[in-house]
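Chain by chain, the residues:
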Amino acid sequence: MEEINLRDTLVIIWNKKIRIFLITAIFIALGTFYSYKYIIPEYTSSATLVLATSEGKADNKTNTITTTDITLNSKLVSTYSELLKSKNVLRQVISNLRLNVEEDELRENIAVTSVKETELIKISVTSKNPTDASKIANEMANVFIEEVSEIYNINNVHIVDKAEINVEPSNINHIKDIIIFGLIGVFISVTSAFISDKLDTTVKTSEEVEKQFKVPVLASTPLYEFSDGKKKNKHTKIKKELVSQRDPKSPISEIFRALRTNIQFMNASKKLETILITSTFPGEGKSWISSNLAVIFAQTGKKVILIDADMRKGRIYTIFGISPIPGLSNYLTEINTKEREKIDITKYIQETEVKNLSVLTGGNVPPNPSELLVSSQMTILLNNLKKDFDIIIIDGTPTELVTDSVILSRVVDSTIVVTAYKETKKDSLERTIKSIKNVGGNTAGIVINKMPALTKNQNERYYYDDLLRNKEEEIIDNSTHTSISQNREEIKNDDTNESSEEKNKEELAKTLNDKTNDIIKQVNLYIEEEKKNLNQKEEN
């Protein structure tokens, strides 16, 4: 059985805090209504009797209580308690007070208790009328004394306290009722929160995704609104969607830079040229991730081309504000009908406002998009594009609808699966990862999109000055490129036997690890130095 630690418990409660608050508030409101409006007030009055020496002994001037009296009275307490609720007593009380009530009904509203280790008997009567309650209690005491005298021929029962009119309801405690209802609301809301969390099979945290699927989460991007609700032209919305180009200093842009770095390090052992971005279902943010990732790669000076491989409902052209045709489908169709040497690929590629970034749109919707993507012409296209571009990013199709992206994963260097927070089902993600693995593809990692908004601390963590950020990227890119190139040359010059190859792989991994640590140290040292300089300038 899966264990739930304190941190997970607090996270579940925090995530469901609105539901817990609302359910608890509803129960408190119900408790208030129940206590003030629903409960009919009832009033209780009590008379107290005591068993003492008989009047016969008093006439003989015996003022002390003997052991025999105590023993006799102790035995009579329980007997008298039952006698008080007998039919004869109740019938006489009803007759004397002319009550319009049945004996059984009156008996239910009477409580006779004996005070522990004493000879006191307490008669409590509850009624909707406080006056009636006191009258009945006092009349019961009088009738009972007469009944005892007649049955036992002794007068050893005396009234200690007469019943008084009690104007405070005995059955109403507003604070207690409200607290009880509130606690019930808390219990039900918290229980429902845990049940719904267990029944919720969607992607929520990077920790659970990595633990279940053994695939790293490369980034978690926040829920990003492209428009502010005001009516603006289409071009404004396009600029808003390209947040990496429009606002390079924003925390979201920093997340995409982190995603780019993670992709590079995940593929440090080989040259990274082609990246496929896919998802399980539409609407999970696949095209948004692809577009901004392409911009981030282009900002490093690399020549990047973004291919819209979703020829059915591709929307890359809307993000960049370019023409949808001609595009990928037109090129693949033409290459099937003409000689490859006579086709000019450049007429299908469109430049964008982003420096170093080109786009190959989906083109016209063909009758056979799947056949075009899995054809040998697609492989030829990618090989030709590698000659002119450093990075090829492919915005694929959702895997749960069509298998285009699964097939394409075989011919690319890495595949990234985009999921949506609390939207993507875990079983759908599992099928996607297995499908890619079954065809020989490589799932480099997962991106969780539409995460809750970043907190202030996260914003501060991602925000750096342009100079500081650019220097960090320069150190990482240059050092990584140098270390990888050097180790590739070393491997090529070694013997080709199996033992040497294994040895070289171990040396490469060790060298990369050492280089990575050196890079991190350099970055940290540079950041600390820049912070000191900035602090000195502010003090001056």
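Everything numeric in this text was worked out from a predicted model, so none of it was measured.

Conventions adopted
Position numbers for residues count from 1 along each chain, tracking the sequence in the order it is written. Only residues with pLDDT of at least 70 are given local features in this predicted model, and only at 80 or more are side-chain atom pairs given and counted; all residues enter the totals for whole chains, interfaces and linings. Only hydrogens and water are set aside; all other atoms, that is, all heavy atoms of the structure, feed into the side-chain values. Buried residues are those whose accessible area, probed at 1.4 Å on protein chains only, stays under 20% of the maximum for their type, while exposed residues exceed 50% and partly exposed ones sit between those limits. Labels follow the DSSP assignment, with helices taken as runs of H or I lasting at least four residues and strands as runs of E lasting at least two, numbered in each case from the N terminus. Directions pointing from the helix axis toward each C-beta atom define the arc. Working convention: axes come from line fits to C-alpha atoms, limited for helices to the stretch in contact. Angles between N-to-C directions cover 0 to 180 degrees. Throughout this description, any angle smaller than 35 degrees is read as roughly parallel, any larger than 145 degrees as roughly antiparallel, any in the 65 to 115 degree range as roughly perpendicular, and the remainder as oblique. By the convention used here, residues are in contact when the closest approach between their heavy atoms is within 4.5 Å. Residues are grouped as follows: nonpolar covers Ala, Val, Leu, Ile, Met, Phe, Trp, Tyr, Cys and Pro; charged covers Asp, Glu, Lys and Arg; every other residue, Gly included, is treated as polar. A pair of strands is treated as paired once DSSP finds two or more bridges between them. A pair of aromatic rings is counted whenever rings of Phe, Tyr or Trp (Trp by its six-membered ring) have centres within 6.5 Å, and the orientation is called stacked for planes under 30 degrees apart, edge-to-face for over 60 and tilted otherwise. Definition used for salt bridges: Asp or Glu carboxyl oxygen within 4 Å of a side-chain nitrogen of Lys or Arg.

K.L.:
Which parts of the structure should I look at to understand helix α5 (residues 87-97)?
P.N.:
A turn of α-helix holds 3.6 residues, and therefore any two residues three or four places apart point the same way. Listing the buried residues of α5 in full gives V89, L90, V93 and I94. Taken down its axis, α5 places every buried residue within 130 degrees of arc, on the same side. R98, located one to two residues past α5, shows a positive phi value of around 55 degrees.

K.L.:
In this structure, what is going on with the packing of helix α12 (residues 251-266) against helix α13 (residues 286-298)? I would like to understand it.
P.N.:
Helix packing geometry: the angle between the two helix axes and the distance between the axes. It is the contact of α12 with α13, at a shortest axis distance of 9 Å, that shows an interaxial angle of 80 degrees. What the angle tells us is that α12 and α13 run roughly perpendicular. Residue-level contacts link I252, S253, F256, R257, L259, R260, I263 and Q264 of α12 to W288, I289, N292, L293, I296 and F297 of α13. Here the contact of α12 with α13 is built from residues that sort into nine nonpolar, three polar and two charged.

K.L.:
Quick question: what am I supposed to make of the pairing of strand β1 (residues 43-51) here?
P.N.:
Regular strands place side chains that alternate from one sheet face to the opposite one. Relative to strand β3 (residues 120-127), β1 is paired through eight bridges, and the arrangement is antiparallel. When the bridges of β3 are listed, Y43 appears paired with S127. Relative to strand β4 (residues 157-161), β1 is paired through four bridges, and the arrangement is antiparallel. In the strand pairing of β4, L51 is matched with V157.

K.L.:
It is not clear to me how the packing of aromatic side chains should be interpreted in this structure. Could you clarify?
P.N.:
Two measures describe an aromatic ring pair: the distance that separates the ring centres and the angle between the ring planes. Within this structure, the stated rule accounts for four aromatic pairs. A ring pair is formed by Y34 and F181, whose centres lie 5.6 Å apart and whose planes are at 40 degrees; its orientation type is tilted. Residue Y34 is located in helix α2 (residues 17-38), and its partner F181 is located in helix α8 (residues 174-199); the two are separated by 147 residues in the primary sequence. The partly exposed category is assigned to F181, whose relative accessible area is 21%. Plain terms: the ring middles of F256 and W288 are 5.4 Å apart, the flat faces sit at 80 degrees to each other, and that makes the pair edge-to-face. Of the two residues, F256 is situated in helix α12 and W288 in helix α13; the sequence distance between them amounts to 32 residues. There is no split in this pair, since F256 and W288 are both buried.

K.L.:
Explanation requested: the pattern of salt bridges in the structure shown.
P.N.:
Pairing between side chains of opposite charge can happen when the charged atoms of each approach one another. Counted according to the given criterion, the structure contains twelve salt bridges. With its nearest N and O atoms 3.9 Å apart, the salt bridge here joins D200 to K204. One exposure class covers both D200 and K204, and it is buried. Close ionic contact of E241 with R315 constitutes a salt bridge, the shortest N to O distance being 2.5 Å. Highlighted residues: E241 in helix α10 (residues 234-241) and R315 in the loop between β7 (304-308) and α14 (316-320), separated in sequence by 74 residues. Of the residues examined, R315 reaches a relative accessible area of 30% and is grouped as partly exposed. Put simply, D200, K204, E208 and K426 are held in one network by salt bridges that share partners.

K.L.:
Would you explain the sheet that holds strand β10 (residues 391-398) in this entry?
P.N.:
The strands making up a sheet are joined through hydrogen bonds of the backbone, oriented either antiparallel or parallel. The strand order across the open sheet formed by eight strands is β5-β12-β11-β6-β10-β7-β9-β8, and the pairing between neighbours is mixed. Strand pairing shows two members of the sheet lacking a second neighbour, β5 (217-222) and β8 (350-351), which therefore form its edges. Two elements, β7 and strand β9 (residues 357-360), share four bridges in a ladder whose sense is parallel. Directly across from V304, in β9, lies its bridge partner L357. With respect to the sheet, α12 is in contact with β5, β6 (274-279), β11 (414-420) and β12 (443-451), its orientation differing from that of β5 by roughly 170 degrees.

K.L.:
I keep staring at the side chain of K204 and nothing clicks. Help me out?
P.N.:
Within the secondary structure layout, K204 lies in the loop between α8 and α9 (206-213). In contact with K204, other than residues within four places in its own chain, are D197, Y421, K422, K426 and M451.

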